[in-house]
Amino acid sequence: MRFLHRFPIQSAFVIVVCLFVGYTASSAQTSSRRTIDSLATQHLLAQVEAFQASPATRFGTVALSVRRVRDSEELIGYNARLSLPSASTLKLITTATALAVLGPNYTYTTTLEYDGTIKDSVLTGNLYLRGTGDPSLGSWRFPGYSDVTALVTSWSEAVKASGIRRIEGMVVGDASLYDDITTPDTWPFGDLGNYYGASLSALNINENLYRVFFRPGKSVKTPANVLRTDPAVPYITFRNTVTTDAANTGDQVNIYGVPFMNQQWLTGKVPLGEPGNEFSVKGALPDPAYFAAYALQNQLVQHNITVSRPPLSIGGGLPTTIPVGAKRTVINQYKSPILPQLIQQTNFQSINLYAEALLRTTALAVNKHVRTTEESVEAITSFWKAKGVNLDGFRIRDGSGLSTVGALTADNMTGILSAMGRDKNFPQFYETIPIVGQTGTVRSLARGTAAAGNIRAKSGSIEGVRAYAGYFTAVDGEPMTFCILVNKFTPGQSRIITNELEKIFVSLVGLKGGE
């Protein structure tokens, strides 16, 4: 396997920076007493202390942990024991755990099946799409795999090939693997109707999103009308108050909705465009399993297969009278891409849905009795504790970092990442992390510097939070992990925060990791 230049297979370096309201001079004294005494190290610590005292972060908290991979020795710890929001850097922990537990050859299987009997081309019973939590089902991201249109068509053709021409029953989206409400209760309400806040289902499809297309008004402040959705979801109704803003102002629309509710509110603004132009934004499907059943039934009708009853979804805490354990006959099985491909999309594109799916799947593999997100978090925590990682201060609430109350320490992050750096599946995991200055959400960072191409890192950003974590190779060839968390930075200082973090990246790759 080929790695970045100057980064051996076992290399690892993680940084987390956090700013936290209530920072005091004494909190800076949490710096590790085992810091290697070198000019490069002292320079980096001076940078971090100056960053903490600057107008951009003086009212928040900056935290930094740098750890050697081979023995988990923490070489630098600045506010590294403070619990702070991780934002999307948490996805590194979720995906690392998934690969360590499930292995690189793991795939999800979605099954098309029926109960009852077939006689004279009539199925007296129900047709089921049974999910196992695949977040990529029907996604457009994977070459060689079916998008939602091709997937639904293939299912309909499989039904026809089985000899069924009429269904005296229902098409059922079976998401019963998860019998709880899977949306973490600490996610912000304002996120739930938007694509990045899409709720997890055991039967995900099309990444649980749809697009709503607007026709902007002819002038600023005039109404923007809803034209259509893609895919079609006529069972969803909208209350639309979206108006038109100046040209090139971008997407300012927020969609308010909650799981299992088919009424959604559209607020905000879309940019003025040329006459006839359209503008689309992405919303969250309120019940992905229902949409899967609805889309399949529509396709069956197009293939002249009639269905006597409306589609239905089960699972996700919904009551049902359908016996989930009844005997079924399999018509078709659909396999997902292998786990490293799913993880790469999770980390490169920072997809919350994928992270939540991997959290639940991994937890079930660790403990088959897990039933909730909270129990899934407990299972993941126990997994790393059993490997000797110190998780004092580890208070995560989901798998993606979208929760505004979840927190961890920079020390937690580098502890887990260094342990993963010694795992047999680390080479595959390393390849799923974006390269600073080149790929993913960190492709524009530190370009033209020594850090570009020498750090693999996941970014994280929610309101008032900027975080990075990952791996790099020290100048003496030592594999390292790092984590930087910045919490509660001063509003309007985002560009300054980025500039300071880029300087820290450059200093990191100048460190020596050996003793």
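Described below are features of the structure shown in this document. Values in this document were obtained by computation on a predicted structure and should not be read as measured data.

1. Description of the environment of Trp-155
Turning to its location among the elements, Trp-155 is positioned in helix α3 (residues 148-161). C-alpha separation for the pair Trp-155 and Leu-300, spaced 145 residues apart in sequence, amounts to 8.8 Å. Not counting residues within four places of it along the chain, the set of residues in contact with Trp-155 comprises Thr-110, Leu-112, Leu-129, Leu-137, Ile-205, Leu-296 and Asn-332.

2. Observations regarding the environment of Thr-441
Tracing the sequence through the fold places Thr-441 in the loop between α9 (426-431) and β21 (455-462). Taking C-alpha positions, Thr-441 is 11 Å from Ser-88, a pair spaced 353 residues apart along the chain. If we ignore the near neighbours within four places in the chain, the residues touching Thr-441 are Phe-348, Lys-458 and Ser-459. Engagement of the side chain of Thr-441 in a polar contact is seen with the side chain of Ser-459, the distance being 2.7 Å.

3. A short note on the packing of helix α6 (residues 352-366) against helix α7 (residues 373-385)
The interhelical angle for the contact between α6 and α7, taken along N-to-C directions, is 65°, at an axis separation of 9 Å. Pair α6 / α7 crosses with left-handed handedness. Contacts between α6 and α7 involve Leu-359, Arg-360, Thr-362, Ala-363 and Val-366 from the first element and Thr-373, Ser-376, Val-377, Ala-379 and Ile-380 from the second. Residue classes in the contact of α6 with α7 are distributed as six nonpolar, three polar and one charged.

4. Regarding the pattern of salt bridges
The full count for this structure, using the stated rule, is 18 salt bridges. We note a salt bridge from Glu-502 to Arg-495, for which the minimum N-O separation is 3.9 Å. Classification of Arg-495 as exposed rests on a relative accessible area of 52%. Residue Lys-503 pairs with Glu-500 through a salt bridge whose shortest N-O separation is 3.4 Å. One end of the pair, Lys-503, and the other, Glu-500, are both in helix α10 (residues 494-508), three residues apart, so they sit about a helical turn from each other. The exposure class assigned to Lys-503 is partly exposed, which follows from its relative accessible area of 44%. Salt bridges sharing partners connect three or more residues here, namely Arg-67, Glu-74, Arg-81 and Asp-411.

5. Regarding the sheet that holds strand β14 (residues 254-256)
Pairing is mixed across the open sheet formed by three strands, whose spatial order is β12-β15-β14. Only two strands of the sheet have a single partner each, and these edge strands are β12 (237-240) and β14. Looking at each pair of strands side by side, their axes are set apart by 25° on average, direction ignored.

So, how was this worked out
Residues numbered from 1 in each chain as written. Predicted model: local features only at pLDDT ≥ 70, side-chain atom pairs only at ≥ 80, totals over all residues. Heavy atoms only, no water. Helix = DSSP H or I, 4+ residues; strand = E, 2+ residues; numbered from the N terminus. Contact = heavy atoms within 4.5 Å. Polar contact = N/O pair within 3.5 Å; in protein donor to acceptor, adjacent residues only side chain to side chain. Axes fitted to C-alpha atoms, helices over the stretch in contact; angles between N-to-C directions. Left-handed = near helix turned anticlockwise from the far one by under 90°. Nonpolar A, V, L, I, M, F, W, Y, C, P; charged D, E, K, R; others polar. Salt bridge = Lys/Arg side-chain N within 4 Å of Asp/Glu carboxyl O. Buried < 20%, exposed > 50% of the residue type's maximum accessible area, 1.4 Å probe, protein only. Pairing = 2+ DSSP bridges.

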